[in-house]
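So the chains spell out like this:
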Amino acid sequence: MKTSKFLGLSALTLSVLMFTNCQTEDEPLATEVNPEAFTSEASAEVYPLTGNEKKITKMFFGEETEFDQVNDNLILGDMILSPEQVDESNNLAKGVIRKNRHWPKSGSYYYIPYTVDSNLPNKGRVTSAINHWQSKTKIRFIKRTNQRAYIRFRSGSGCSSSVGRTGSRQNITLASGCSTGNTIHEIGHAIGMYHEQQHPKRDSYVTVNFNNIKSGKSSNFKKRSSSSVRTSTFDIGSIMMYGSYFFSKNGKPTIVRKNGSTFNVQRSKLSSRDLSVIKRYYK
Ligand SMILES: [Zn+2]
């Protein structure tokens, strides 16, 4: 009797343990609804790259930059670029967003047609991200009818986007773990924003520890040429800024403040500096 009771308890304990383990394994699903969830590099990479992609080195904003080539695209972190776009980055007199990569203005607003795939999980993050953009900027999202250029929100691995308006269908891909904040970030790319840690003035504010960066990923931390930006200020709180541990190969920080301290990645909202940058292009 005693033994069977013990066994019964053991079985209960075991099932509780198993249940606990399952919970742990299921944790990424829970991150869907947590806007702060993506503090790791998981959101920084476009696809789970196999590592066997063709590496292409090109000048990008005046810096030698290594890209992964996937189909006809050049991939840098979560950004999808065309070879022409990379080439033209070196000739920019001013501004990271070229006029021809702007979304068109009509009346007081800039309009972005979009679609959402029916099988995209948690479509609420797209709605919330769109609402955030619309409440803070002159950009408006409209359901696509027959426009040639539009954003398609779709499910897939990682969080990723093209940079600027490509002129045809362009994807924002959202894995189940990509939060509303990640979606706001990817829309930032789609309207033409690049990463803040590549700002030419960043070395006055942060230190990049190249020794801690995974091999093949240091191009994500190269500075853009100073002619590429109109804002002379760097913003560690930008929604386009990497976190301290992005692409770390050893668990040590890849970016720290000048005093050596680490910082949390901000994926909640467009910062006031982000908004002033956007205003220069989408007034
Ligand atoms: Zn990004």
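Further up the page is the structure itself.
Remember, predicted model here, so these are calculated numbers, not experimental data.

A. Highlighting the coordination of the zinc ion. At 2.1 to 2.3 Å from the zinc ion lie its protein donor atoms, namely Asp-78 (OD), Asp-78 (OD), His-185 (NE2), His-189 (NE2) and His-195 (NE2). One chain supplies every donor for the zinc ion, spaced along it as D-x106-H-x3-H-x5-H. Here the residue His-185 and the residue His-189 both occupy positions in helix H4 (residues 180-190), the gap between them amounting to four residues, near one helical turn. Comparing His-185 with His-189 shows no difference in burial state: the two are buried.

B. Seen up close, the pattern of salt bridges. On inspection of all chains with the given rule, the structure shows eight salt bridges. For Asp-68, the salt bridge goes to Lys-55, with nearest N and O atoms at 2.8 Å. Here Lys-55 lies in strand S1 (residues 54-60) and Asp-68 lies in strand S2 (residues 63-70), a separation of 13 residues in the sequence. On the basis of relative accessible area, Lys-55 is assigned to the partly exposed category, the value being 38%. Between Lys-223 and Asp-203 there is a salt bridge whose closest N-O contact spans 2.8 Å. Of this pair, Lys-223 sits in the loop between strand S11 (206-208) and strand S12 (255-257) while Asp-203 is found in the loop between H4 and S11, placing the two residues 20 residues apart along the sequence. On the basis of relative accessibility, which here comes to 33%, the residue Asp-203 falls in the partly exposed class. One salt-bridge network, in which partners are shared between bridges, spans Glu-196, Arg-273 and Asp-274.

Reading the values: the criteria
Residues numbered from 1 in each chain as written. Predicted model: local features only at pLDDT ≥ 70, side-chain atom pairs only at ≥ 80, totals over all residues. Heavy atoms only, no water. Donors = N, O, S within 2.8 Å, 3.2 Å for Na, K, Ca; no water. Helix = DSSP H or I, 4+ residues; strand = E, 2+ residues; numbered from the N terminus. Buried < 20%, exposed > 50% of the residue type's maximum accessible area, 1.4 Å probe, protein only. Salt bridge = Lys/Arg side-chain N within 4 Å of Asp/Glu carboxyl O.

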